[in-house]
Amino acid sequence: MRRMDFTMGEAASGLRGELRRLIAAEVPEGFLGAFTDDPADLAVAQRFCGVLAEHGLLCAAWPERFGGRGSSVWEQTVVREEMWAQHEPRGAQYMGVNWVGPTIMRHGTERQQREHLPPIARGEVIWCQGFSEPDSGSDLASLRTAARRDGDGWQISGQKIWTSYATMAQWCFLLARTSAGGRKQQGLTVFLLPMEAPGIVVRPIRSMLGPHHLNEVFFDGVRATEADVLGRVDEGWSVVQEVLAFERVGIARYARCERLLQAAPEVLAERWETMPAPLRTRWARMLTRARRARLLAYQVIAAQSTGTVAPADTAAYRIAVTRLDQESAALLTELAAHVPDEQGARRRFRRAVDDHWRYANAATVASGSIEMQQILLARSLLGGVRRAGEAA
Ligand SMILES: Cc1cc2nc3c(=O)[nH]c(=O)nc-3n(C[C@H](O)[C@H](O)[C@H](O)COP(=O)(O)OP(=O)(O)OC[C@H]3O[C@@H](n4cnc5c(N)ncnc54)[C@H](O)[C@@H]3O)c2cc1C
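Remember, predicted model here, so these are calculated numbers, not experimental data.

Undergrad: What is the right way to look at helix α7 (residues 253-268) in this model?
TA: Each α-helix winds once per 3.6 residues, and so residues spaced three or four apart point in a common direction. Between the first and last C-alpha of α7 there are 23 Å, a value that for 16 residues agrees with the 22 Å anticipated at 1.5 Å per step. Burial analysis of α7 places 13 of its 16 residues in the buried class, which makes it a mostly covered element.

So, in structure tokens, the structure goes:
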């Protein structure tokens, strides 16, 4: 059993207050994320990223030389919690902040760091992640988008799918095959490509997440050079493993669950006391689960910050938090049915629950399906049992 210290400290709680004041001042009440039918919501997110950047809060955990303020991982955790609880007013930019930037810091050349990190830290740029393909999702290493040697560079052709925010992104963090023959995890390379490069075509996929979320991206002879390669050629798989570890704890899903669960009795007011007792019992249990998921997240973050995180830790957290997301969404939907359809706080609550339900349904697929997380966890636990048996 690991010993944990979950005290976040005064700086973190001060930061929470600062973020709540900024959100109250800059984000309209009832905001449901940047990707709705209303273009004003995207504009809110773009503007808000600039405000966060001015306060040094967009990339708070980054070192100062890259445009951050060297905050602790706990302060960055507070930022994630407050943002997700309020339907992510950073819009698509959380990806650049959470995993694109940190990965470029670890693997990028000086030139790549100079080119990419300051615009992310200023909140000026949106990235998309070009990993999944029509026949390669869970089995990502089987991907077929090919980068073929062409003089001193490569020509890239193939298709990506489910690419979030590709219509609005300026850059793509692309995984492509540069050689074949060995294990399928070998011969993959990460490219940092501008979305305006000739040969890239984006086609939106309409979904319940709104009109701007998911896309197909086609690459037809797109030209890349050595300068566009992140890390080493043919060794992109290890970079991607890091990306996925950052990404899988990047969204503080428990924070929105907890906020909405806590809001329910307030919004229901006097009706709350007359609600069926079993429903209120389920509500209390769900709130406890949200707090357990929060503690699990803190355990993973603590392990990440000391470089001792194991894939099983992130898998266990993701299984817990994505289930919490879906089961809390189902319960909140039942509770919301008792909320009168009135304007103001009650209407905002019903709409927020509806939005939470739609996103929660995608949670067990996005960033790797829950079944694959279960397999990863089982392998790791059973491997441990076998090793203990062998030792005995
Ligand atoms: C909201 C959302 C946003 C996304 N954004 C991005 C993005 O920005 N960039 C990107 O690259 N991708 C993105 N994805 C894609 C996501 O990473 C994939 O959908 C996911 O990895 C699953 O792959 P798949 O859809 O091909 O399903 P498949 O891999 O075909 O899986 C289908 C089903 O079979 C199950 N399954 C598959 N293999 C096994 C196995 N060996 N054992 C047991 N069960 C198995 C899976 O668990 C799943 O239930 C996004 C997805 C969603 C939902």
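Moving on from the model shown.
Undergrad: Would you explain the side chain of Glu 258 in this entry?
TA: Note on placement: Glu 258 falls in helix α7. Judged by relative accessible area, which is 9%, Glu 258 ranks as buried. A polar contact of 3.3 Å, which involves the side chain of Glu 258, links it to the side chain of Arg 291. When near neighbours in sequence (up to four residues on either side) are disregarded, Glu 258 contacts Leu 287, Ala 290, Arg 291 and Arg 294.

Undergrad: Help me out: how do you make sense of the packing of aromatic side chains in this one?
TA: In this description, a pair of aromatic rings is defined by centroid distance and the angle of the planes. For the structure on display, the rule yields 11 aromatic pairs. Taken together, a centroid distance of 6.5 Å and an interplanar angle of 45° make the contact between Trp 99 and Phe 131 tilted. Of the two residues, Trp 99 sits in helix α4 (residues 94-107) while Phe 131 sits in the loop between β1 (127-130) and β2 (146-150), which places them 32 residues apart along the sequence. Owing to a relative accessible area of 1%, Trp 99 belongs among the buried residues under this scheme. Look at Phe 131 and you get buried, because its relative accessible area is 2%. When the ring of Trp 99 is compared with that of Phe 173, the centres are 5.0 Å apart and the planes differ by 85°; the resulting orientation is edge-to-face. Here Phe 173 lies in strand β4 (residues 171-177) and Trp 99 lies in helix α4, a separation of 74 residues in the sequence. Each member of the pair Trp 99 and Phe 173 is classed as buried. One aromatic cluster is present, formed by Phe 35, Tyr 94 and Tyr 165 through successive ring pairs. The lysine or arginine in question, Arg 256, covers the ring of Trp 84, its NZ or CZ lying 4.2 Å from the ring centre.

Undergrad: It is not clear to me how the site of the ligand should be interpreted in this structure. Could you clarify?
TA: Neighbouring the ligand are 19 residues; Ser 132, Ser 138, Trp 162, Ser 369 and Glu 371 lie closest to it. Backbone polar atom of Gln 129 to a nitrogen atom of the ligand: 2.7 Å apart, as the coordinates give it. A distance of 2.9 Å separates a nitrogen atom of the ligand from a polar atom in the side chain of Ser 164. Taking 970 Å² as the accessible area of the ligand by itself, protein coverage stands at 65%. For the shell around the ligand, the element with the most residues is helix α11 (residues 370-391), which contributes 3 residues. Of the domains in this structure, domain 2 (129-239) and domain 3 (252-391) are the two that each give at least three residues to the shell around the ligand.

Undergrad: Help me out: how do you make sense of the pairing of strand β7 (residues 210-225) in this one?
TA: Within a regular strand, side chains alternate between the sheet's two faces. The sheet contact formed by strand β3 (residues 153-161) and β7 spans 8 bridges and is antiparallel. Residue pairing for β7: Trp 154 is matched across the bridge by Ala 224. The sheet contact formed by strand β6 (residues 200-207) and β7 spans 7 bridges and is antiparallel. The residue bridging Ser 207 from the neighbouring strand is Gly 210, located in β7. Linking two consecutive strands that pair antiparallel, namely β6 and β7, is a turn of 2 residues.

Undergrad: Is there a simple way to explain the nonpolar core in this structure?
TA: Among soluble globular proteins, nonpolar side chains are generally buried collectively. Judged by nonpolar contacts, the single largest core of 80 residues is most densely connected at Trp 127, Ile 156, Phe 173, Phe 191 and Phe 219. Of all the elements, α4 adds the most residues to this core, at 7 residues. Counting the residues that make up this core, at least three belong to each of domain 1 (9-91) and domain 2 (129-239). Counting 38 residues, the second largest nonpolar core, distinct from the first, contains Leu 260, Leu 261, Val 267 and Phe 349.

Undergrad: So what exactly am I meant to see when it comes to unusual backbone geometry here?
TA: Residues other than glycine predominantly adopt negative phi, and peptide bonds predominantly adopt the trans conformation. Backbone geometry places Glu 88, a non-glycine residue, at a positive phi of 50°. On the secondary structure map, Glu 88 appears in the loop between α3 (73-85) and α4. A positive phi is found at Asp 234, a non-glycine position, where the angle reads about 75°. Mapped onto the elements, Asp 234 comes out in the loop between β8 (229-230) and α6 (236-248).

Undergrad: Sorry, what's going on with the pattern of salt bridges here?
TA: A full pass over the atoms with the stated rule returns 27 salt bridges. A salt bridge links Arg 111 to Glu 115; the nearest nitrogen and oxygen atoms lie 3.8 Å apart. Taken as a pair, Arg 111 and Glu 115 lie in helix α5 (residues 110-121) at a separation of 4 residues, close to a single helical turn. Two residues, Arg 223 and Asp 152, come together in a salt bridge whose shortest N-O distance is 2.8 Å. In this pair, Arg 223 is assigned in strand β7 and Asp 152 in the loop between β2 and β3, connecting sequence segments 71 residues apart. Given a relative accessible area of 37%, Arg 223 falls into the partly exposed group. One network of salt bridges, with partners in common, ties together Arg 16, Arg 20, Glu 81, Glu 82, Glu 258, Arg 291 and Arg 294.

Criteria and cut-off values
- Residues numbered from 1 in each chain as written.
- Predicted model: local features only at pLDDT ≥ 70, side-chain atom pairs only at ≥ 80, totals over all residues.
- Heavy atoms only, no water.
- Helix = DSSP H or I, 4+ residues; strand = E, 2+ residues; numbered from the N terminus.
- Expected span 1.5 Å × (residues − 1).
- Buried < 20%, exposed > 50% of the residue type's maximum accessible area, 1.4 Å probe, protein only.
- Polar contact = N/O pair within 3.5 Å; in protein donor to acceptor, adjacent residues only side chain to side chain.
- Contact = heavy atoms within 4.5 Å.
- Phe/Tyr/Trp six-rings, centres within 6.5 Å; stacked < 30°, edge-to-face > 60°.
- Lys NZ or Arg CZ within 6 Å of the ring centre and 35° of its normal.
- Near = heavy atom within 4 Å.
- Areas by Shrake-Rupley, 256 points an atom, 1.4 Å probe, with all protein chains shown as cover.
- Domains from an automatic or database assignment.
- Pairing = 2+ DSSP bridges.
- Core = buried A, V, L, I, M, F, W, Y, C linked by side-chain atoms within 4.5 Å.
- Salt bridge = Lys/Arg side-chain N within 4 Å of Asp/Glu carboxyl O.

Just geometry here; none of it tells us what the structure is for.
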